[in-house]
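Structural overview
Chain by chain, the residues:
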Amino acid sequence: MYTQLVDAPEGASDAASPEQATFDDKIDRSITIEANDWMPDAYRKTLLRQISQHAHSEIVGMLPEGNWISRAPSLERKLILMAKVQDEAGHGLYLYSAAETLGTSRDEMVDALLSGRAKYSSIFNYPTLAWADVGTIGWLVDGAAIINQIPLTRCSYGPYARAMVRVCKEESFHQRQGFDIVKTLAEGSPEQRAMAQDALNRWWWPAVMMFGPPDSQSQHNGTSMRWKIKLFSNDELRQKFVDQTVPQAEALGLTIPDPDLTFDEATGHYVFGTPDWNEFFEVVRGNGPCNRDRLRARRAAHDNGAWVREAALAHAEKTAARKTAATVAA
Ligand code: FAQ
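Residues numbered from 1 in each chain as written. Predicted model: local features only at pLDDT ≥ 70, side-chain atom pairs only at ≥ 80, totals over all residues. Heavy atoms only, no water.

A closer look at the overall build of the protein
Looking only at helices and strands, the protein features 14 helices and two strands. Taken over C-alpha atoms, the radius of gyration comes to 22 Å for the protein, in line with the 20 Å a tight globule of 330 residues would show. Expressed as lengths along the three principal axes of its C-alpha atoms, the size of the protein is roughly 70 × 50 × 35 Å. Across the 330 residues of the protein, 47% fall into the buried class. Taking the contacts inside the protein whose residues are at least 6 apart along the sequence as the reference set, 75% of them involve residues at least 24 apart. (Helix = DSSP H or I, 4+ residues; strand = E, 2+ residues; numbered from the N terminus. Rg over C-alpha atoms; globule rule 2.2 N^0.38 Å. Buried < 20%, exposed > 50% of the residue type's maximum accessible area, 1.4 Å probe, protein only. Contact = heavy atoms within 4.5 Å.)

Pasting the structure below:
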C-alpha cells in the first residue's frame with residue numbers, strides 16, 4: 001500500500017477511501033488502471049501531463065525530418081522517410097486519444113501546444129543541417145525513444161500502455177532505418193564519413209539529455225515511479241542508452257564526442273561525462289536553437305489545415321443526419 005505515501009496534495013483527502021484502497025491495491029499488484037476506474041486527481045494530472053507532452057513531441061518531432069523528405073538522396077530513401085514521418089503523426093494521434101480518455105479534449109491539448117504553454121521533447125529544438133542528421137535522428141533519437149518507451153508498454157494506465165505497443169514496434173523500424181543511413185555514410189567516401197561523424201558530434205549530447213534532468217533534479221520521478229507510470233528513473237534509462245549505443249558507434253567506426261567515456265569492467269557499464277544541463281534547461285524554457293521555428297511551423301500547419309477540420313466536421317454532421325433520417329424512416 002505504499003502508493004498511499006505518494007506526496008500528492010490532491011489525493012491526500014482520499015487516502016482512507018475505499019476507492020483509494022482499490023486503486024492502491026491495483027497499482028501494487030500491477031493491474032492496469034482503466035479510463036472509467038476511480039483514480040486520484042494527482043495521478044490523472046500526471047498522466048495527462050506526460051501523455052500530452054509525449055503526443056506533442058511526436059507531432060513536433062515530424063518537423064526536423066520532414067524538412068528532408070524532398071532532399072533525401074534517392075527515391076527509396078524519400079519513400080522510407082515519408083513513411084517514417086507519417087508514422088510519427090500516427091503516434092501523436094494514438095497518444096492524443098489515450099490522453100483524451102483522461103477527460104481533456106484534443107483541442108485543449110493542441111491549444112496548449114500552439115500557445116506555448118505545453119512542453120515537448122527538448123531534442124526537437126535542434127536543427128537538421130545535413131542528410132546525415134536524418135540518419136542520426138533515427139539511430140540515436142528513435143533509439144533513445146525505444147529505451148524510454150518499452151517500459152511504458154507495461155505502465156499502470158491501460159490506454160497509454162496499449163498505445164505504446166504499436167508505437168514501439170514502429171520506433172524499432174525507425175531506429176534501423178536511421179542506423180542504415182549512418183552505416184551507409186560511415187562506409188562511404190571520406191566526406192560522407194566526416195558528415196556522419198559531424199552529425200554524431202552534434203546530436204550525441206542532446207540525445208543523452210532527452211531522458212530528462214538528472215534524478216537529483218527530476219520533479220516527478222518519485223511519484224511517477226511509485227504509481228508505476230515510469231518503471232525506471234531518468235538516469236537508469238540514460239545509462240541503458242549509453243551502454244547500448246557506444247558499441248554501435250564502435251561498430252560504425254565513429255567516435256562518441258565524450259572524452260570522459262570509459263568502460264567500467266567491474267560494473268559492466270560505461271561511465272560518461274556530464275551533459276550541459278544549463279543548455280538542457282534553456283532549451284526546455286524555449287530558448288533552444290529552433291524552439292521559435294518549431295512553434296511557428298506548427299501554428300502555420302494548424303491554420304493551413306483549418307479547411308480539412310471544417311470539411312471533416314461537415315461530413316460527420318451530414319453522415320449523422322442521414323443516419324438519423326434513415327432510422328426515423330425505418
Ligand atoms: N524535454 O520530473 P521530470 C520521440 C521536463 S518521443 C522537455 O524528470 P518526467 C519519438 C518535464 O516535463 C520523445 N522537457 O519529468 C520520435 C518536467 O516539466 P513539467 C518524447 C523535459 O515527466 C523520434 C521537468 O522537465 N518522449 O522521441 C524533458 O517525470 C523521432 C522535470 O522533469 C516522451 O515524452 C525533455 N527531454 O520525465 C518522434 C516519453 N525531460 O512537466 C519523432 C514519455 C523532462 O513538470 C522523431 N515521457 N522535461 O513542466 C517520459 O518518459 C517522461 O515525461 C520524461 C520526463 C522522461 C521525458
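A few points about the nonpolar core
One finds Tyr43, Ile51, Tyr157, Tyr160, Trp204 and Phe241 to be the most contacted residues of the largest nonpolar core, which totals 75 residues. For Trp204, the contacting residues outside a window of four places in its chain are Leu140, Phe241, Val242, Thr245, Val246, Ile256, Pro257 and Asp258. (Core = buried A, V, L, I, M, F, W, Y, C linked by side-chain atoms within 4.5 Å.)

Focus on unusual backbone geometry
Trans is the prevailing form of peptide bonds, just as negative phi is the prevailing case for residues other than glycine. Even without being glycine, Ser30 reaches a positive phi, approximately 55°. Within the secondary structure layout, Ser30 lies in the loop between helix H2 (18-28) and helix H3 (41-60). Even without a glycine there, the phi angle at Lys228 is positive, about 60°. With respect to the helices and strands, Lys228 occurs in the loop between helix H10 (221-226) and helix H11 (234-252).

A few points about helix H12 (residues 277-287)
Listed as buried for H12 are Trp277, Phe280 and Val283. Summarising the axial view, the buried residues of H12 lie within an arc of 120°, below the 170-degree limit, and thus occupy one face. For H12, the exposed residues set more than 90 degrees away from the buried face come down to Asn278 and Arg285. In this structure, the buried side of H12 is in contact with helix H9 (190-209), H11 and helix H13 (291-304). Near the N-terminus of H12, the side chain that reaches the backbone nitrogen of Asn278, with its oxygen 3.2 Å away, is that of Asp276. (Arc of directions from axis to C-beta. Polar contact = N/O pair within 3.5 Å; in protein donor to acceptor, adjacent residues only side chain to side chain.)

Thoughts on the packing of aromatic side chains
One pair of aromatic rings is described through two measures. These are the centre distance and the angle between the planes. Overall, the coordinates contain eleven aromatic pairs when judged by the stated rule. Centroid distance Phe23 to Tyr43: 4.9 Å. Interplanar angle 75°. Geometry classified as edge-to-face. A residue pair is termed long-range when its members are at least 10 positions apart, and Phe23 in helix H2 and Tyr43 in helix H3 qualify at 20 residues. The same class applies to Phe23 as to Tyr43, namely buried. Members of the aromatic cluster, connected to one another through ring pairs, are Phe23, Trp38, Tyr43 and Trp227. The ring of Trp68 carries Arg71 above its face, with NZ or CZ at 3.9 Å from the centroid. When the ring centre of Phe232 is taken as reference, the NZ or CZ atom of Lys240 above it lies at 4.4 Å. (Phe/Tyr/Trp six-rings, centres within 6.5 Å; stacked < 30°, edge-to-face > 60°. Lys NZ or Arg CZ within 6 Å of the ring centre and 35° of its normal.)

A word on the state of the cysteines
What makes a disulfide is a covalent bond joining the sulfur atoms belonging to two cysteines. Here the structure, examined in full by the defined rule, presents zero disulfides. The thiol of Cys168 is unpaired, and the distance to the nearest cysteine sulfur, on Cys155, comes to 11 Å. A relative accessible area of 8% means that Cys168 is categorised as buried. (Disulfide = S-S within 2.5 Å.)

Brief notes about the site of the ligand
Residues in contact with the ligand amount to 34 residues; listed here are only the nearest, Gln53, Lys119, His220, Lys230 and Asn234. Between the ligand and Lys119 there is a distance of 2.5 Å, counted from an oxygen atom to a side-chain nitrogen or oxygen. For the ligand, a nitrogen atom lies 2.8 Å from a polar atom in the backbone of Ser122. Burial of the ligand by the surrounding chains reaches 92%, relative to a free accessible area of 1100 Å². The element best represented in the shell around the ligand is H3, accounting for six residues. Considered class by class, the residues forming the shell around the ligand number eleven nonpolar, 14 polar and nine charged. (Near = heavy atom within 4 Å. Areas by Shrake-Rupley, 256 points an atom, 1.4 Å probe, with all protein chains shown as cover. Nonpolar A, V, L, I, M, F, W, Y, C, P; charged D, E, K, R; others polar.)

With respect to the pattern of salt bridges
Applying the stated criterion across every chain yields a total of 15 salt bridges. A salt bridge links Lys84 to Glu65; the shortest N-O distance between them is 2.9 Å. With Lys84 in helix H5 (residues 75-100) and Glu65 in helix H4 (residues 62-66), this pair connects stretches of sequence that are 19 residues apart. When sorted by exposure, Lys84 lands in the same class as Glu65, which is buried. Close ionic contact of Asp111 with Arg117 constitutes a salt bridge, the shortest N to O distance being 2.8 Å. Its relative accessible area of 57% is what places Arg117 among the exposed residues. Among the charged side chains, a network of salt bridges with common partners joins Glu65, Lys84, Glu88 and Asp142. (Salt bridge = Lys/Arg side-chain N within 4 Å of Asp/Glu carboxyl O.)

A few points about the environment of Ile256
Among the structural elements, Ile256 can be located in the loop between H11 and strand E1 (262-264). Residue Ile256 is classed as buried on the basis of its relative accessible area of 9%. For the pair Ile256 and Asp198, spaced 58 residues apart in the sequence, the C-alpha separation amounts to 10 Å. Beyond its immediate chain neighbours, meaning those up to four positions away, Ile256 contacts Leu200, Trp204, Val246, Ala249 and Leu261.

These values are about where atoms sit, not about what they do.
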